[in-house]
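Notes for the structure review
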Amino acid sequence: MLRRFIEEFALFLIPFALFFAYLLLAGRNPLQRAHWDPHTLRLVLAGLAIVIASLVWSGLFSERSSGGYVPSHMENGRLVPGQFR
């Protein structure tokens, strides 16, 4: 779960990193707040759009198992691990 959160947070930060790179290439100081203030809302919305798109993409195209989950159980005195069938 933590891995998934970190991945989505990294996707959210993509627009901010691209804007940071743009400010560097344009010869502006990316650490000055005056350059960020007019664009903050757009960057947040772009980051949210990327996160939502990745969640929809993974929800639509992730691998699905056709069978159900069989929990671990005992067979002939041996523990059989759980599996999807």
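Relevant structure appears above.
Now for a quick tour of the structure. (Residues numbered from 1 in each chain as written. Predicted model: local features only at pLDDT ≥ 70, side-chain atom pairs only at ≥ 80, totals over all residues. Heavy atoms only, no water.)

1. Details of unusual backbone geometry
- Phi at asparagine 76 is positive, roughly 55 degrees, even though this residue is not glycine.
- Mapped onto the elements of the fold, asparagine 76 is located in the loop between β2 (73-75) and β3 (78-80). (Helix = DSSP H or I, 4+ residues; strand = E, 2+ residues; numbered from the N terminus.)

2. Quick look at helix α1 (residues 2-25)
- With 24 residues, α1 should cover 34 Å at 1.5 Å per step; its first-to-last C-alpha distance of 34 Å lies within 8% of that length.
- Three or more residues of α1 are buried, namely Glu8, Phe12, Pro15, Phe16, Phe19 and Leu23.
- Immediately beyond the C-terminal end of α1, within one or two residues, lies glycine 27, with a positive phi of roughly 80 degrees. (Expected span 1.5 Å × (residues − 1). Buried < 20%, exposed > 50% of the residue type's maximum accessible area, 1.4 Å probe, protein only.)

3. Overview of the environment of isoleucine 6
- Locating isoleucine 6 in the fold gives a position in helix α1.
- Take isoleucine 6: its relative accessible area is 49%, and that puts it in the partly exposed class.
- In the structure, isoleucine 6 is positioned 79 residues away from arginine 85 in sequence and 31 Å away in space, judged by C-alpha atoms.

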